[in-house]
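Fold and geometry: a report
Each chain, written out:
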Amino acid sequence: MSPLVMGTTGRLGVALVCLLPLLPMPAHAKTAGLSAIEIYPAQNGQAYEQIAGFVLNGKNEVYLCGSVSSFDKSAYHRLGKVTLAEGMTLERDSSGVLMLSQGAGPSLNPNQGPACVVPGNLKFEKAGAFSAAQLADLAQTEGSVLPASDPAATQIVPLKPGVKLVFVAAPDQELAEYLRSDRQGDIGGWQAYLTKFAAGPHSSAARKSLAALYVGVATADRQTYENSKNATQPDYAKLKDSQQMVDQARALVPDDAAAADLNLKIHAEVVTLSQRAVESLGLFQQALKQQTPGYLNLVAAEQLADAAFSVEPATPEATTAESQSKAARAAFDGVMRDAESQIAAHHADEAAQKIAPLRAFAQENIRVSNDLEAIAGLYVADAKVHEEQPDWPGAVKDLEKAAAIVSNPETAALLKTARQEAKMATDRAAAAAAIQTSQESQTRGDIIAAYEVLDDLPPDQRALVTDRLQSVKDQYLQAAEQSAAELQKAHEPINGLSDEVGIQTAYGYLQRCYGIANDPTLQDRIVILGEDLSTFYLQQGKKYAEKPDGTGVNVGWTYLSEALQYKSQDNLGAIHDEMTTARAAHLLKSRLSVRVVFRDQTSRRDAVDFAAQLTDALATGLESSGLDVKVVRPQDTTPVQPNFQLVGDVLQHEMGKSQDNVPKQSMYRFGQEEIPNEAWNELNREYERANNDLESARSVLEGAQAHGKKGEIKDAQKAVDDDEKKVEDLHAKLDTIPKNKMQDVERPYNYTQIIYHLRIAVELQFRILDSAGDEVAPRVPVRRDTPREYTVLQDVKPDDTQGVRNEGVIPNDNDFLEGDEYKARDELIERAKATVAELPGVVLARADRRAADGDNDGAAELYILYLNSTPPGDTPDRLRVRKFLIDQFNFRNVGKEAPSQ
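Residues numbered from 1 in each chain as written. Predicted model: local features only at pLDDT ≥ 70, side-chain atom pairs only at ≥ 80, totals over all residues. Heavy atoms only, no water.

Here we look at the overall build of the chain
Counting its secondary structure elements, the chain contains 27 helices and 16 strands. Computed over C-alpha atoms, the radius of gyration of the chain comes to 54 Å, more than 25% over the 29 Å expected from 2.2 N^0.38 for 901 residues, which places it beyond the range of a compact globule. Reported as C-alpha extents along the three principal axes, the dimensions of the chain are approximately 165 × 85 × 50 Å. Counting all 901 residues of the chain, 41% fall into the buried class. Residue pairs at least 24 apart in sequence account for 69% of intrachain contacts in the chain once pairs closer than 6 positions are excluded. Split by element, the accessible area of the chain, about 46,700 Å² in all, is 50% carbon and sulfur. Across the chain, the centroid of the 94 positively charged side chains sits 4 Å from that of the 129 negatively charged ones. (Helix = DSSP H or I, 4+ residues; strand = E, 2+ residues; numbered from the N terminus. Rg over C-alpha atoms; globule rule 2.2 N^0.38 Å. Buried < 20%, exposed > 50% of the residue type's maximum accessible area, 1.4 Å probe, protein only. Contact = heavy atoms within 4.5 Å. Areas by Shrake-Rupley, 256 points an atom, 1.4 Å probe, with all protein chains shown as cover. Lys, Arg positive; Asp, Glu negative; His and termini not counted. Charge placed at Lys NZ, Arg CZ, Asp CG, Glu CD.)

Written out as structure tokens, the structure reads:
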């Protein structure tokens, strides 16, 4: 049988110091029932029931535990009594102890915490001590259950741990739903409440609570996203979830500060993602333009843009990034579709052309790689068709295309074989054609042509016509020697181009005959003809090289170079002497040569130095430009004038300055005044409260000592000791804080903002003249006219409190001038490079005009300069120039290779 039974309470007992300002209340003869809302844990969360006529242990009284932790009969009857009333909350915590609060719902007082209580009206039949939780187990409730969250509930739920009773004036379903949602404390609970009572008395508080939960979830989601940013794939879905939670919170409480702050952070992240997407897209477009790897930048741009757009689709930056990334993807897919359409139609060339812009992405995109493999496969298939015909050149062409698309050992082996077969086929065809031509020439009686067309074949092809060569060799020797004798007789001495060609032809015949027959008697004839040609070329070379100011040195040098080919013992020394004399002029005239000079056209004395600096900078810029040009500086001496002069002028080189003084006002620290220290005041209030608690504890100790109960005396003494220690600690801490503190006193003052305005003007020009002083390139202007502005603050007080500082050191105005000078100089150099790069075209046009005017010597001089100034190759213009030199001067070797300097 339990040692405790229902009964009446004893005397009130002594007053207790407790957590709540609750006073013992007298009991009534008959207890009036209370209205209560009971919140309890159910299977699917929190549930409630409303109770009318609620009575606890027949009295609706509870006893305050105070500092007692173990209760026997004596201790129980000395506890302070509290009568339950409207506005109170009784809750059994997780340890089973009953806790009483004075307020409930929206009327809760946050400055007062719950107090431990035990049920009243308990009678102790036997000796023994019990805990507060054990006494709480004996709580018995009575009353009528009104409509509840569970319609099937008809009995009062036992007062077990986790159950909460809120005493109200009358049954209130809206309040009951609110309390249940508040107790449940999750999003679903608050959503259920607001669904039913969107405009209820507690709806504002409910919206704030739900908004706070949304913000909490949003904060956690955003943190999860932040933690994932360094991972391979950031969790953008969490950022989107966070924004959705924030949106719901702001819809409930538009002015929620936490939601607004989080919304700003998410927006900033969206803008950052959008900017990164655009940057990645720019890298993709650059890679596409430059034909370099970079497809993964498109993938990154899409991921970033999709993430930003999914979070904030209305943000302009996100909209732009999303539209641009989708457009880039659509363009990429369009190219792929077009290429794959051509692949399906077996149109290899068209497919290769379509996919060409994307070829560099093959290592990053399997689709591109597969399509390239397919195109290469089409080319290989076409090559095999050519092999079967057989058309080896066609096979080579297709296999070269395949290898250019996808390089692999199989294609390389096929290509090697095809090239070998193609060469053999080409050699056979060329040999057959040469034999046919030889036979036709022999039929016409031209045995020389019949032999030489075979003898001039490349070695591999010549090996295929050996029999034919042997069959006409003897006839050729006879005909060639006879023709050489006739030509020598007809064209000696050499008096012009016709004679030169005739003797040169005879020389060639004898050289070939000697190579065939190795007849020593031919050597003497060859030497004589070589002497004739060498003497003629030496005379011509000297005549042209000695023209005034090097105007014929290119033609003369070509003749002298021809003279060396014949190894004349009589003329060799004279040839070298003449070349030594002409070398300096030839080095200057045989390539683009430009004298650079700048002149000062202003009245500023220091502009002279600027002109000299420009001359040096421009000369250095042209020398390092990569152009094939010889730069001559003003101080350089030359045997002849360079081909061109670059003449520059400093037209304007000045700086103007003005200033505006703007008065400003600010605040400065005038002094200090003494004010109360709020930190000291707050600590002092806490110290006084601790003293009051100490006095109360001492009173309890005195009462315990009066009763002579050792247990009570021990507990009371401990409370006094703890409070004394707290008072001592607070007093010591109070001594470390000043009671008053100093505060700055501010006053206004005036200072000056000086705005300096600079106008810097640098105007230059240059033009290019030929060696005769005629303008060959129009004037090129370069102008820099830049307004500058800088600000300096004066009379700023060092004790300024508004962040104004006496900043701004007056810069050296010449620094600004030099900056614009450098920019003008750099632009000048670039434009000069571009103009000089166009000079070969100018040379060609001037040579054409001289040829049209019948000045073949002048035209030839400029044509040789043009050939030396342009890259070797068979362009239409170079072929036309070489033909002129062959036809008019018999110069067959000029322009075939890059000139040696």
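So that's the structure; there's more coming.
Examining the sheet that holds strand 8 (residues 115-119)
One open sheet accounts for 9 strands, arranged 5-4-8-7-6-11-2-3-10; its pairing is antiparallel. Only two strands of the sheet have a single neighbouring strand rather than two, namely strand 5 (81-83) and strand 10 (141-148). Looking at each pair of strands side by side, their axes are set apart by 35 degrees on average, direction ignored. When strand 2 (residues 34-42) meets strand 3 (residues 45-56), the two strands line up antiparallel, connected through 8 bridges. (Pairing = 2+ DSSP bridges. Axes fitted to C-alpha atoms, helices over the stretch in contact; angles between N-to-C directions.)

Examining the environment of Glu 373
By secondary structure assignment, the location of Glu 373 is in helix 11 (residues 366-388). Distance from Glu 373 to Ile 405, taken between C-alpha atoms, is 7.7 Å for residues 32 residues apart in sequence.

Quick notes on the pattern of salt bridges
A side chain of one charge can pair with a side chain of the opposite charge if their charged atoms are brought near each other. Counted according to the given criterion, the structure contains 46 salt bridges. Notably, a salt bridge pairs Lys 326 with Glu 322, separated by 3.5 Å at the nearest N-O pair. Here Lys 326 pairs with Glu 322, and both are found in helix 9 (residues 316-344), just 4 residues apart, close to one helical turn. Judged by its relative accessible area of 7%, Glu 322 falls in the buried class. One salt-bridge network, in which partners are shared between bridges, spans Glu 302, Arg 329, Asp 333, Glu 340 and Arg 367. (Salt bridge = Lys/Arg side-chain N within 4 Å of Asp/Glu carboxyl O.)

Some remarks on the environment of Gln 565
Secondary-structure assignment places Gln 565 in the loop between helix 19 (553-564) and helix 20 (572-589). For Gln 565, a relative accessible area of 52% puts it in the exposed group. Once the C-alpha coordinates of Gln 565 and Gln 342 are considered, the two residues, 223 residues apart in sequence, prove to be 58 Å apart. From its side chain, Gln 565 meets the backbone oxygen of Ser 561 in a polar contact 3.2 Å long. (Polar contact = N/O pair within 3.5 Å; in protein donor to acceptor, adjacent residues only side chain to side chain.)

What to know about the nonpolar core
Among the nonpolar cores identified, the biggest contains 95 residues, and Leu 646, Leu 764 and Leu 885 are the most heavily contacted of them. Of all the elements, helix 18 (residues 520-545) adds the most residues to this core, at 9 residues. The residues contacting Leu 764, other than those within four sequence positions of it, are Phe 610, Leu 614, Asp 649, Val 650, Val 780, Pro 781, Val 782, Ala 824 and Leu 828. (Core = buried A, V, L, I, M, F, W, Y, C linked by side-chain atoms within 4.5 Å.)

Things to note about the packing of aromatic side chains
By the definition in use, this model includes 24 aromatic pairs. For the pair Tyr 295 and Phe 332, a centre-to-centre distance of 5.1 Å together with 35 degrees between the ring planes defines the contact as tilted. Within this pair, whereas Tyr 295 is found in helix 8 (residues 295-311), its partner Phe 332 is found in helix 9, the two being separated by 37 residues in sequence. Judged by relative accessible area, which is 3%, Phe 332 ranks as buried. An aromatic cluster is built from Tyr 507, Phe 536, Tyr 537, Tyr 544, Tyr 559, Tyr 566, Phe 889 and Phe 891, whose rings are joined through pairwise contacts. The residue whose ring lies beneath Lys 797 is Tyr 749, and the NZ or CZ to ring-centre distance is 5.7 Å. (Phe/Tyr/Trp six-rings, centres within 6.5 Å; stacked < 30°, edge-to-face > 60°. Lys NZ or Arg CZ within 6 Å of the ring centre and 35° of its normal.)

Comments concerning unusual backbone geometry
The omega torsion of the bond from Gln 389 to Pro 390 falls at -10 degrees, within 30 degrees of zero and hence cis. By secondary structure assignment, the location of Pro 390 is in the loop between helix 11 and helix 12 (392-405). Here Glu 492 and Pro 493 are connected by a cis peptide whose omega angle stands at -5 degrees. For Gln 291, which is not glycine, the phi dihedral falls at a positive 60 degrees.

Things to note about the state of the cysteines
Under the counting rule described, the total for this entry stands at 1 disulfide. For Cys 65, the disulfide goes to Cys 116, at an S-S distance of 2.2 Å. Because the torsion about its S-S bond is -55 degrees, the bridge between Cys 65 and Cys 116 counts as left-handed. Remark: Cys 116 occurs in strand 8 and Cys 65 occurs in the loop between strand 4 (61-64) and helix 1 (73-77); sequence separation between them is 51 residues. Overall, the relative accessible area of 1% leaves Cys 65 in the buried class. Residue classification places Cys 116 among the partly exposed residues on the basis of a relative accessible area of 22%. (Disulfide = S-S within 2.5 Å.)

A few points about helix 20
Counted at 1.5 Å a residue, the expected span for helix 20 with its 18 residues is 26 Å, and the 24 Å between its end C-alpha atoms agrees. Helix geometry: helix 20 is bent most strongly at Arg 583, by close to 50 degrees. Among the residues of helix 20, those classed as buried are Ile 575, Glu 578, Met 579, Ala 582, Ala 585, His 586, Leu 588 and Lys 589. (Expected span 1.5 Å × (residues − 1). Bend = angle between axes of the 7 residues up to and from the residue.)

Observations concerning the packing of helix 26 (residues 856-869) against helix 27 (residues 876-889)
Running from N to C, helix 26 and helix 27 point in directions that differ by 140 degrees, and their axes come no closer than 10 Å. Taken together, the axes of helix 26 and helix 27 are oblique relative to one another. Crossing of helix 26 against helix 27: the hand is left-handed. In this structure, helix 26 contributes Asn 856, Asp 857, Ala 859, Ala 860, Tyr 863, Ile 864, Tyr 866 and Leu 867 to the contact, and helix 27 contributes Asp 877, Arg 878, Arg 880, Val 881, Arg 882, Phe 884, Leu 885, Gln 888 and Phe 889. Class assignment of the residues belonging to the contact of helix 26 with helix 27 gives a composition of 10 nonpolar, 2 polar and 5 charged. (Parallel < 35°, antiparallel > 145°, perpendicular 65-115°, else oblique. Left-handed = near helix turned anticlockwise from the far one by under 90°. Nonpolar A, V, L, I, M, F, W, Y, C, P; charged D, E, K, R; others polar.)

With respect to helix 23 (residues 710-735)
End to end, helix 23 covers 37 Å across 26 residues, agreeing with the expected 38 Å (1.5 Å per residue, within 8%). Along helix 23, the positions that sit buried rather than exposed are Ala 716, Val 720, Asp 723, Val 727, Leu 730 and Leu 734. Buried residues along helix 23 sit against helix 22 (678-707).

Observations concerning the packing of helix 9 against helix 11
Each pair of packed helices gets described by two things: the angle between the helix axes and the distance between those axes. Where helix 9 meets helix 11, the axes come as close as 11 Å, and the angle between the chain directions of the two elements is 25 degrees. On the basis of their axis angle, the class for helix 9 and helix 11 is roughly parallel. The interaxial crossing formed by helix 9 with helix 11 has left-handed handedness. On helix 11, the residues touching Phe 332, Asp 333, Met 336, Arg 337, Glu 340 and Ile 343 of helix 9 are Arg 367, Val 368, Asp 371, Ala 374, Ile 375 and Leu 378. Of the residues contributing to the contact of helix 9 with helix 11, the split by class is 7 nonpolar, no polar and 5 charged.

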